[in-house]
Amino acid sequence: MPDTPYDLAVIGAGPGGYVAAIRASQLGMRTLLINKYEALGGTCLNVGCIPSKALLHSSHLYTQTRVGLGEHGISTGKATFDLQTMQKHKEKTVTALTGGIDFLTKKNRIEVITGSARLDKAGAIRMLDGKKKGSAINARSILLALGSKPVLLPDAIVPSALMDERRVLTSTGALDLPSVPKRLCVIGAGVIGLELGSVWARLGSEVIVLDRLDHLAGLDEDTSKAFQKTLEAQGLVFRLATDLLSVAANKEEIAIKVRPHGSKEETFRTSHALVAVGRKPATQNCGLEDAGVQCDAQGFVAIDEHFRTTREGVFAIGDCVRGAMLAHKAEEEGVAAVEALAGHRTLVDYATIAGVIYTEPEVATVGLSEREAKEQGVAYKIGKFPFSANARARTSGTGEGFAKLLFDERDMRLVGAQILGAEAGTLVQELVAIMAYRGTAEDIVQICHPHPTLNEVLREAAMQGLGRAIHI
Ligand code: FAD
Ligand code: NAI
């Protein structure tokens, strides 16, 4: 046991790390939280979940004012927006929330050090910069919550010299543009591409989204097709099943060379490009190898079911380990790891971690998709219901999309769902609860749902799966 005042040192103050530190303190551990940047909250609060949702909300309000109010008989004159004010609102939100985490660390008596940390051979933490530069810190246990960073494309396709965050962007630059791009080519039709593509399309950019897949990743064919159609109606142009060959730029414009599958090469021009082809664990240059903490071929820290790495006393959670790169997954793991350390029985129910794309309408997924059920040989039954047949959706003019529930055919237990529709991210939580308690279609149907609510879509979908939908 090292001679140290700290029971636990957490490296990384994203949603995984800071939540773990708070829980550790609640459990009576003397806790140190080390973070590269002064602003706590990691990717999620500073350059991820929160700033993107602020811009999504502001740009949605603008679209609603511009085109959504007329059918309700409301006119406000010509809608305009001021991007600087929108960005200020985003920044104010981020500052308030990161300040909130500062408050919480103080309230929980967590010591915070700003600077980059590295592990050494002896398992001590070395500070590479900041006020404590050069010092060695010991702790009885160390929790790695190092997070992730954007995947960049090979230099031959997108030269790194072009990645200036002004014209050729990662999500970080795309959240911080000082003016609306004339044209934006989004490379990667994943969550970031669709959310940030939506923001800039709503504000007036011509947005082209390209992906090598022929569908939107993670979605079943019907959900993907309907979602794509909805986004196309909002002005996004899709070029799926297309390989990106190169990105080149001169002073005036950016040339994107592509080859659509089964067709010949072509080049189109854009003013800006967003590279959104995934994220990778931020596990380089942290001394993990020196300390005997093994990573897999993709750089994810290897852990067992109790979040233990290959070095005794060192644990890892969140985006730097395998699994969905989501803030709530990182939080769940942070709490579970620390509780395990305190001798509690812990469980993260990975099958019920939902994913939400915060476009308009939203898309929410949980558990198995139909595609995965087929691949895994799970015999299933589908229950599906459109929002257009839901009274509440009609009153608010949000009748697009459907809820699709996947049941295990043997006992009609709910094993997955995809919802494309208004408030999908909120609605999905009812299904998460049902799945967490191993509920069935009949369980959903037996629960009385208030009328008129969007949640009735879920009940009707379950009824449809049982062959007794009322409203279709
Ligand atoms: P991070 O939040 O990445 O935090 C890691 C922290 O560790 C950082 O502060 C980093 O500086 C610090 N660190 C790393 N190495 C060191 C070191 N050596 N020394 C000291 N400090 C170090 N997820 C959702 O669930 N919902 C969303 O709506 C959502 N939106 C997103 C939008 C965007 C644009 C992006 C990019 C991501 C989004 N995500 C969203 C994903 C989410 O941000 C991540 O899954 C989440 O932040 C992971 O949490 P984490 O604690 O594992 O890591
Ligand atoms: P992603 O994994 O969601 O999507 C990447 C897309 O890029 C895929 O469709 C893939 O086919 C495509 N792609 C990969 N290489 C390509 C190439 N060479 N050319 C063309 N297309 C290519 O990754 P994304 O959008 O970068 O997001 C990263 C992570 O951040 C995700 O894992 C997600 O979980 C998280 N995130 C979550 C959000 C949320 O929960 N609402 C919002 C934003 C990000």
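Residues numbered from 1 in each chain as written. Chains lettered and ligands numbered in written order. Predicted model: local features only at pLDDT ≥ 70, side-chain atom pairs only at ≥ 80, totals over all residues. Heavy atoms only, no water.

**Some words on the site of ligand 1**
Near ligand 1 you find 37 residues, and of these N35, T43, K53, A117 and A327 are the closest. Between a nitrogen atom of ligand 1 and a main-chain N or O atom of A117, the distance comes to 2.9 Å. One nitrogen or oxygen atom from the main chain of M325 is found 3.2 Å from an oxygen atom belonging to ligand 1. Look at ligand 1: alone it shows 1,000 Å² of surface, and the protein chains cover 93% of it. When residues of the shell around ligand 1 are traced back to their parent elements, those giving at least two are α1 (15–26), α2 (42–47), α3 (49–68) and α8 (327–341). The element contributing the most residues to the shell around ligand 1 is α2, with 4 residues. Grouping the amino acids of the shell around ligand 1 by side-chain chemistry returns 17 nonpolar, 16 polar and 4 charged. (Near = heavy atom within 4 Å. Polar contact = N/O pair within 3.5 Å; in protein donor to acceptor, adjacent residues only side chain to side chain. Areas by Shrake-Rupley, 256 points an atom, 1.4 Å probe, with all protein chains shown as cover. Helix = DSSP H or I, 4+ residues; strand = E, 2+ residues; numbered from the N terminus. Nonpolar A, V, L, I, M, F, W, Y, C, P; charged D, E, K, R; others polar.)

**Concerning the sheet that holds strand β10 (residues 183–187)**
Ordered by their spatial adjacency, 5 strands build an open sheet running β9-β16-β10-β11-β12, and the pairing between neighbours is parallel. Of all strands in the sheet, those bounded by a partner on one side alone are β9 (168–169) and β12 (237–239). Pairing of β10 with strand β11 (residues 206–210), which is carried by 5 bridges, proceeds in the parallel orientation. Paired with V186 across the two strands is V209, which belongs to β11. (Pairing = 2+ DSSP bridges.)

**Concerning the site of ligand 2**
What surrounds ligand 2 is a group of 20 residues, the closest being I192, E195, D211, G278 and V356. G278 has a polar backbone atom sitting 2.8 Å from an oxygen atom of ligand 2. With respect to ligand 2, the backbone of V356 contributes an N or O atom lying 2.7 Å from a nitrogen atom. Coverage of ligand 2 by the protein chains reaches 80% of its 840 Å² of free accessible surface. Take the shell around ligand 2: its biggest share by element is 3 residues, from helix α6 (residues 191–202). A per-class count over the shell around ligand 2 returns 12 nonpolar, 3 polar and 5 charged. Residues from two domains meet in the shell around ligand 2; each of domain 1 (6–150 + 280–348) and domain 2 (160–277) gives at least three. (Domains from an automatic or database assignment.)

**Concerning α3**
Owing to its 3.6 residues per turn, the α-helix aligns residues three or four sequence positions apart on the same side. When we look at burial in α3, the residues that qualify are P51, S52, A54, L55, L56, S58, S59, H60, Y62, T63 and G68. Buried residues belonging to α3 abut α2, α4 (83–107) and α6. (Buried < 20%, exposed > 50% of the residue type's maximum accessible area, 1.4 Å probe, protein only. Contact = heavy atoms within 4.5 Å.)

**Some words on the pattern of salt bridges**
Under the counting rule described, the total for this entry stands at 25 salt bridges. Among the salt bridges present, the one from R118 reaches D290, with a minimum N-O distance of 3.0 Å. Of this pair, R118 sits in strand β4 (residues 117–119) while D290 sits in the loop between β17 (279–281) and β18 (314–316), and the two are 172 residues apart along the sequence. R118 gets classed as partly exposed once you look at its relative accessible area, which sits at 27%. A salt bridge links K225 to E221; its shortest N-O distance comes to 2.9 Å. Residue K225 and its partner E221 are located together in helix α7 (residues 221–233), separated by 4 residues, close to a single helical turn. Exposure remark for K225: the relative accessible area of 53% places this residue in the exposed category. (Salt bridge = Lys/Arg side-chain N within 4 Å of Asp/Glu carboxyl O.)

**What about the pairing of strand β22 (residues 402–408)?**
Of all 7 residues in β22, 7 are buried; the element is thus mostly enclosed. The alternating pattern of β22 places F402, K404, L406 and D408 on one face and A403, L405 and F407 on the opposite face, and all of these are buried. Of the strand pairs in this sheet, strand β21 (residues 380–386) and β22 are connected by 7 bridges, and their pairing is antiparallel. If you follow Y380 over to β22, its bridge partner there is D408. Sheet topology note: the β22/strand β23 (residues 414–421) ladder contains 6 bridges and is antiparallel.

**A look at α1**
Its 12 residues give α1 an end-to-end C-alpha distance of 16 Å, which sits within 8% of 16 Å, the value for a rise of 1.5 Å per residue. Of all the 12 residues making up α1, 10 are buried; the element is thus mostly covered by neighbouring parts of the structure. Here α1 has its buried residues at P15, G16, G17, Y18, V19, A20, A21, I22, A24 and S25. Along its buried surface, α1 packs onto β1 (6–11), β2 (31–35), α2, α4, β7 (139–144) and α8. At the exit of α1 stands G28, carrying a positive phi of roughly 90 degrees. (Expected span 1.5 Å × (residues − 1).)

**A look at the domain arrangement of the protein chain**
The parts lose accessible area when they come together, and the size of an interface is often stated as this lost area. Taken as a whole, the protein chain is organised into domain 1 (6–150 + 280–348), domain 2 (160–277) and domain 3 (352–465). Here the C-alpha centroids of domain 1 and domain 2 sit 27 Å apart. Contacts between domain 1 and domain 2 engage 19 residues on the former and 15 residues on the latter. Considering only the surface of domain 1 that becomes buried against domain 2, V47, L56 and L83 emerge as the three largest contributors, covering 31% of it. Along the contact surface separating domain 1 from domain 2 lie 2 salt bridges. For E195, the salt bridge is made with K53, and the minimal N-O distance between the two is 2.8 Å. (Buried area = accessible area lost by both parts, 1.4 Å probe.)

**A word on the packing of aromatic side chains**
By the definition in use, this model includes 1 aromatic pair. Summarising the aromatic geometry, the rings of Y62 and F81 are spaced 4.8 Å apart at their centres and angled 65 degrees between planes, so their arrangement reads as edge-to-face. Of this pair, Y62 sits in helix α3 while F81 sits in the loop between α3 and α4, and the two are 19 residues apart along the sequence. On the basis of relative accessible area, F81 is assigned to the partly exposed category, the value being 30%. The ring of F402 is capped by K384, whose NZ or CZ atom sits 4.2 Å from the centre of that ring. (Phe/Tyr/Trp six-rings, centres within 6.5 Å; stacked < 30°, edge-to-face > 60°. Lys NZ or Arg CZ within 6 Å of the ring centre and 35° of its normal.)

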